[in-house]
Amino acid sequence: MKLSRVLFPVLLASWLNVACSSTTGTPATYEPVRGQAGKDVIWIPTPEGLIEKMLTTAKVSDQDKLFDLGAGDGIIAITAARKYGAQSVGIEFNPDMAQFARRKVAEAGMTDKVKIITGDIFQEDFSSATVVTLYLMPHLNMKLRPILLKMKPGTRVVSNSFSMEDWEPDEIMSHQSTQAYFWVVPAQIEGPWVMNGLEGGPFRVIMSQSFQNIGGTLTRGGQTLPMMGAKLRGDEVKFQFTTSDRKVHAFSGRLEGGRFKGTVVSDFRHTPVEITRP
Ligand SMILES: C[S@@+](CC[C@H](N)C(=O)[O-])C[C@H]1O[C@@H](n2cnc3c(N)ncnc32)[C@H](O)[C@@H]1O
């Protein structure tokens, strides 16, 4: 047998091993390579300048628990803890990468604040997050979108580079030529409600909703009034309406335990009101 016939499969296998492997070196000396394969997306770290913008836009503080989905070398989780005081968790599928991120956490002296989980972002539970950061791909953002939209209203989500189609961002930030997108998870408030507390009897309220964009009407005694300037941010709602006596009423309140508790201001008078499901 020719020597080349014996050597070729051996060489091919070893080349494929290098090409497919995301590992260079033993776990203790492992160094990731930009662009290396990952389960659903390759590894490229978010640049520091953009991380700053993402975390300041999300107003990350020591009150937060941040999850970075697809944590890479842990840079976002570490920065959130070190500079902003958050508890943070990075979820990374590649075990070598996760171990590398743990080494970075230890080097930063952040082991009490940062945890790196070896796992799949589509399997792990991140429902305790108050802030979620992403640097994935458009179709992965869309796969996560229904999960994100079921999170506690007010949870902040920031994504490097990729948006979420018709869930418009609340803010867009940019660093050099890269954009990042910021959302606040909106409460689900669509449908019928009843507002009690205001003089003249209950108002029937119908809310329409598309993500954080809301509108609606208020009906009392056969008269239907349009909702003006309606805004929803997390679980906080504001809107105005004008009654037939031309008085402008401004409601602001928060959804707590399935009901809105708030105030209507009319002619400088503050009236406490409640809006409940019928
Ligand atoms: C573009 S990098 C972003 C790293 C980091 N979040 C940052 O912004 O610097 C994406 C990371 O997600 C990891 N990844 C890919 N698919 C994953 C999955 N299903 N579950 C967890 N991690 C995943 C990759 O290994 C890679 O490290």
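For the structure, see preceding data.
Residues numbered from 1 in each chain as written. Predicted model: local features only at pLDDT ≥ 70, side-chain atom pairs only at ≥ 80, totals over all residues. Heavy atoms only, no water.

Considering the packing of aromatic side chains
Reasoning step 1: Going through the model one piece at a time under the given rule, you end up with nine aromatic pairs.
Reasoning step 2: Ring plane angle 70° and centroid distance 6.1 Å describe the contact between Tyr 30 and Phe 100, whose orientation is recorded as edge-to-face. Note that Tyr 30 is positioned in the loop between α1 (3-20) and α2 (48-57) and Phe 100 in helix α4 (residues 95-107), a separation of 70 residues in sequence. Pair check on accessibility: Tyr 30 and Phe 100 agree, each one buried.
Reasoning step 3: The structure contains a cluster of three or more aromatic residues connected by ring pairs, namely Trp 193, Phe 203, Phe 239, Phe 241, Phe 251 and Phe 260.
Reasoning step 4: Cation over ring: Lys 39 sits above Phe 93, and NZ or CZ is 5.7 Å from the ring centre.
Reasoning step 5: The positively charged end of Lys 143 is found above the aromatic ring belonging to Phe 122, 4.1 Å away from the centroid. (Phe/Tyr/Trp six-rings, centres within 6.5 Å; stacked < 30°, edge-to-face > 60°. Helix = DSSP H or I, 4+ residues; strand = E, 2+ residues; numbered from the N terminus. Buried < 20%, exposed > 50% of the residue type's maximum accessible area, 1.4 Å probe, protein only. Lys NZ or Arg CZ within 6 Å of the ring centre and 35° of its normal.)

Comments concerning the nonpolar core
Reasoning step 1: Ranked by internal contacts, the top residues of the largest apolar core, which has 24 residues, are Leu 69, Phe 126, Val 132, Leu 134, Leu 144, Leu 148 and Trp 167.
Reasoning step 2: Secondary-structure elements contributing two or more residues to this core are β1 (65-69), β2 (87-92), β4 (131-134), α5 (138-149) and β7 (178-184).
Reasoning step 3: Per-element accounting of this core gives the leading share, four residues, to α5.
Reasoning step 4: In contact with Leu 69, other than residues within four places in its own chain, are Ile 91, Ile 121, Phe 126, Val 132, Thr 133, Leu 134, Leu 136 and Leu 144.
Reasoning step 5: Counting residues in hydrophobic clusters, the runner-up holds 23 residues, among them Leu 225, Phe 239, Phe 241 and Ile 275. (Core = buried A, V, L, I, M, F, W, Y, C linked by side-chain atoms within 4.5 Å. Contact = heavy atoms within 4.5 Å.)

A look at the site of the ligand
Reasoning step 1: If you check the shell around the ligand, you find 22 residues, and the closest are Asp 40, Thr 46, Asp 68, Gly 70 and Glu 92.
Reasoning step 2: One of the side-chain nitrogen or oxygen atoms of Thr 46 is found 2.5 Å away from an oxygen atom of the ligand.
Reasoning step 3: At 2.7 Å from an oxygen atom of the ligand is found a side-chain nitrogen or oxygen belonging to Glu 92.
Reasoning step 4: Isolated, the ligand exposes 600 Å² of accessible area, and the fraction of that covered by the protein chains is 99%.
Reasoning step 5: Among the secondary structure elements, those contributing two or more residues to the shell around the ligand are α3 (75-84) and β2.
Reasoning step 6: The residue makeup of the shell around the ligand, split by class, is twelve nonpolar, five polar and five charged. (Near = heavy atom within 4 Å. Polar contact = N/O pair within 3.5 Å; in protein donor to acceptor, adjacent residues only side chain to side chain. Areas by Shrake-Rupley, 256 points an atom, 1.4 Å probe, with all protein chains shown as cover. Nonpolar A, V, L, I, M, F, W, Y, C, P; charged D, E, K, R; others polar.)

A closer look at the sheet that holds β7
Reasoning step 1: What the seven strands build is an open sheet, ordered β3-β2-β1-β4-β5-β7-β6; its pairing is mixed. Strands at the two margins of the open sheet, each flanked by one partner only, are β3 (114-118) and β6 (171-175). The mean inter-strand angle of the sheet, taken between neighbouring strand axes irrespective of direction, is 20°.
Reasoning step 2: Pairing between β6 and β7: five bridges, direction antiparallel. (Pairing = 2+ DSSP bridges. Axes fitted to C-alpha atoms, helices over the stretch in contact; angles between N-to-C directions.)

Here's the deal with unusual backbone geometry
Reasoning step 1: In this model, Gln 176 sits at a positive phi of 50°, which is unusual for a non-glycine residue.
Reasoning step 2: Inspection of the secondary structure assignment puts Gln 176 in the loop between β6 and β7.
Reasoning step 3: Gln 176 sits in the exposed class, given a relative accessible area of 73%.
Reasoning step 4: You will see that Asp 267, though not glycine, has its phi angle at about 50°, which is positive.
Reasoning step 5: In this fold, Asp 267 is placed in the loop between β15 (259-266) and β16 (269-276).

Here's the deal with the environment of Asp 73
Reasoning step 1: Here Asp 73 is to be found in the loop between β1 and α3.
Reasoning step 2: For the pair formed by Asp 73 and Pro 45, sequence separation is 28 residues and the distance between their alpha carbons is 7.5 Å.
Reasoning step 3: The contacts of Asp 73, once residues within four sequence positions are left out, are Trp 43, Ile 78, Met 97, Phe 100, Ala 101 and Lys 104.

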